[in-house]
Amino acid sequence: MSRHSPHLPLDPRARQLLRTLVSQYVAEGQPVGSRALARSSGLDVSAATIRNVMSDLEELGLVAAPHTSAGRIPTVQGYRVFVDSLLEVRPLGEPQVEELRRELPATATTPDLLNSASSLLSQVSHFVGVVTVPQHQEVPFRHIDFVPLDQRRTLVILVFVDGQVQNRVIELERAYSASELEQVANFLNAQFSGQRLDEIRLRLLREMQETSTQMTRLMTTTVELAQAAFQSSAPQPDMFVAGQTNLMDVHDLSNLDRLRELFDAFQRKRDLLAVLERCARAEGVRLFIGEESGFAALDNYSLVTAPYGVGGRVLGVLGVIGPTRMAYERVIPLVQATAHILSGALNRNQAPQ
């Protein structure tokens, strides 16, 4: 898990009090006073001693005292110390893992799997589930067909290994006969089935350069058709988001201006996608608390993410967006397990048939 704060030297008593304060505040959503900490911490110390420790933690920037209360709440840095060095994260139990697997069957198409994953994350966490969508060039293709429409327009039918089918109409510089189109389709299916579109383009370009002086008519036709077919891409969804309205039920996110800013970010997507793409480049679970993401719309929220992929190659990232006051020990293993299960389903889904 990513770490953003320097290690702060805390003695065992301060660590236990900070752990207790964060846990109690996450559970109840109210500032925690010294008497409550004395009852809950399990330490044999007076309320006066606890007040002194709280003052020290406040000086370190780990807790803050709201103006309306004598109690204290954790700051972003306090949450960070809690998550990095005080939190005990246990993997999900096997019954929970099996339940997630049932909701993400390998028999589903990739879009259905990704959509289900975002809904599942939202449903289990009670916050917002997000999943970025890999573009078609990231998914190997299984089969291609060309259907002549008129003199220069041709329908391309691309079938991908995950079961998706994409139809594209391409306009060519000259007319091709039905037999030419069939010959090129047979060649592409025999030589390139199971490869990604970007890999096919590179390989064709390389072969074209190697045989440029004595290129066969078939290769010339194949390169022309493949370039037109594989570069013409229909718009795709870039992210699935589920459960935005869950945030309206969270007590400390009741500020409508903050919610409106985040909802606008869900609509625009571009900046949020940039944050998620940074997460995709990191290994394992990544956690941004408050302003750590560098994205203003997330300043009052936390983002827990993990990458998913096929064959060791990252395709995208999934995660949960919720209040900084979230049960991290519950959300982190949920995100971790969902990414693992989704990757497993996609690996089986995209295995050669």
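The text that follows walks through the structure, step by step, so that each part is easy to find. All figures in this text were calculated on a predicted structure; none of them were measured in a lab.

Quick look at the nonpolar core now. Soluble, globular proteins show a tendency: their nonpolar side chains are buried together. Membership of the largest hydrophobic core comes to 83 residues, with the highest contact counts inside it found for Leu18, Leu57, Ile321 and Tyr328. Among the elements that take part in this core, helix H12 (residues 328–349) stands out by supplying 11 residues, more than any other. Beyond its immediate chain neighbours, meaning those up to four positions away, Leu57 contacts Leu10, Ala14, Leu18, Leu62 and Val63. Membership of the second largest hydrophobic core comes to 26 residues, among which are Phe141, Ile170, Tyr176 and Leu197.

Paired through backbone hydrogen bonds, the strands of a sheet run either parallel or antiparallel to each other. The antiparallel open sheet is built from five strands, whose spatial order is S7-S3-S10-S9-S8. Looking at which strands have only one partner, the edges of the open sheet turn out to be strand S7 (239–242) and strand S8 (286–289). When strand polarity is set aside, the average angle formed by the axes of neighbouring strands in this sheet is 15 degrees. As judged from the four bridges shared by S8 and strand S9 (residues 301–310), these two strands associate in the antiparallel manner. Looking at the pairing, Phe288 lines up with Leu303 of S9. Taken strand by strand, helix H10 (residues 256–268) contacts strand S3 (128–132), S7, S9 and strand S10 (313–323), and its axis lies near 20 degrees from that of S9.

Attention now moves to the sheet that holds strand S6 (residues 165–171). Strand order in the open sheet formed by three strands is S4-S5-S6, with antiparallel pairing between adjacent strands. One side of each edge strand has no neighbouring strand; the edge strands of this open sheet are strand S4 (141–148) and S6. The average undirected angle you get between the axes of adjacent strands in this sheet is 20 degrees. Relative to strand S5 (residues 153–160), S4 runs antiparallel, the two being bridged by seven bridges. The residue of S5 that forms the bridge with Pro148 is Thr154. In the packing of helix H7 (residues 178–192) onto the sheet, the strands contacted are S4 and S5, and the crossing angle to S4 comes to about 175 degrees.

The next point concerns a nonpolar patch on the surface. Taken together, the side chains of Val147, Leu149 and Val169 present a nonpolar region at the surface, about 220 Å² in accessible area. Relative to the assigned elements, Val147 resides in strand S4. Val147 sits in the partly exposed class, given a relative accessible area of 33%.

At a closest axis distance of 10 Å, the pairing of helix H1 (residues 12–28) and helix H3 (residues 47–59) adopts a crossing angle of 85 degrees. In terms of axis orientation, H1 runs roughly perpendicular to H3. Touching Arg13, Ala14, Leu17, Leu18 and Leu21 of H1 are Thr49, Ile50, Val53, Met54 and Leu57, all from H3. Here the residues of the contact of H1 with H3 are counted per class, giving eight nonpolar, one polar and one charged.

Pairing is possible between side chains of opposite charge, provided their charged atoms come close. All chains considered together, the criterion is met by 10 salt bridges. For the salt bridge of Arg80 with Glu292, the shortest nitrogen-to-oxygen distance reads 2.7 Å. Placement of the pair is Arg80 in helix H4 (residues 76–86) and Glu292 in the loop between S8 and S9, with a sequence separation of 212 residues. Comparing Arg80 with Glu292 shows no difference in burial state: the two are buried. With a shortest N-O distance of 2.6 Å, Glu98 and Arg101 are connected by a salt bridge. Remark: Arg101 and Glu98 occur in helix H5 (residues 94–103); sequence separation between them is three residues, near one turn of the helix. Taking relative accessible area as the criterion, Arg101 reaches 35% and is therefore assigned partly exposed.

All right, on to H4 then. Among the 11 residues in H4, eight count as buried, and that is most of the element. By the burial criterion, the buried members of H4 are Gly78, Tyr79, Arg80, Val81, Phe82, Val83, Asp84 and Leu86.

Tallied over the entire structure, the rule returns three aromatic pairs. When the centroid spacing of 6.2 Å and the interplanar angle of 75 degrees are considered together, the rings of Phe187 and Phe192 count as edge-to-face. In this structure Phe192 comes out as buried when scored by relative accessible area, which is 0%. A ring pair is formed by Phe263 and Phe266, whose centres lie 6.2 Å apart and whose planes are at 40 degrees; its orientation type is tilted. Taken together, the positions of Phe263 and Phe266, both in helix H10 and three residues apart, correspond to about one turn of that helix.

The next point concerns unusual backbone geometry. The phi torsion at His126 lies on the positive side, around 70 degrees, for a residue other than glycine. Note on placement: His126 falls in the loop between helix H6 (110–125) and S3.

The next thing to look at is the pairing of S5. Hairpin remark: S4 followed by S5, antiparallel, with four residues in the connecting loop. Relative to S6, S5 runs antiparallel, the two being bridged by seven bridges. Within S6, the position partnered with Leu155 by the bridge is Val169. Remark: four residues form the turn of the hairpin made by S5 and S6, two consecutive strands paired antiparallel; Gly163 in that turn has positive phi of roughly 95 degrees.

What follows is about the side chain of Thr154. Considering the arrangement of structural elements, one finds Thr154 in strand S5. Under the relative-accessibility criterion, Thr154 is labelled buried at 4%. Apart from the residues lying within four places of it in its own chain, the contact partners of Thr154 are Phe146, Val147, Pro148, Leu149, Arg168, Val169, Ile170, Leu172 and Leu181.

Thresholds applied
Residues numbered from 1 in each chain as written. Predicted model: local features only at pLDDT ≥ 70, side-chain atom pairs only at ≥ 80, totals over all residues. Heavy atoms only, no water. Core = buried A, V, L, I, M, F, W, Y, C linked by side-chain atoms within 4.5 Å. Buried < 20%, exposed > 50% of the residue type's maximum accessible area, 1.4 Å probe, protein only. Helix = DSSP H or I, 4+ residues; strand = E, 2+ residues; numbered from the N terminus. Contact = heavy atoms within 4.5 Å. Pairing = 2+ DSSP bridges. Axes fitted to C-alpha atoms, helices over the stretch in contact; angles between N-to-C directions. Patch = residues over 30% accessible without salt bridge, like charges linked within 9 Å, V, L, I, M, F, W, Y side chains within 5 Å. Areas by Shrake-Rupley, 256 points an atom, 1.4 Å probe, with all protein chains shown as cover. Salt bridge = Lys/Arg side-chain N within 4 Å of Asp/Glu carboxyl O. Parallel < 35°, antiparallel > 145°, perpendicular 65-115°, else oblique. Nonpolar A, V, L, I, M, F, W, Y, C, P; charged D, E, K, R; others polar. Phe/Tyr/Trp six-rings, centres within 6.5 Å; stacked < 30°, edge-to-face > 60°.

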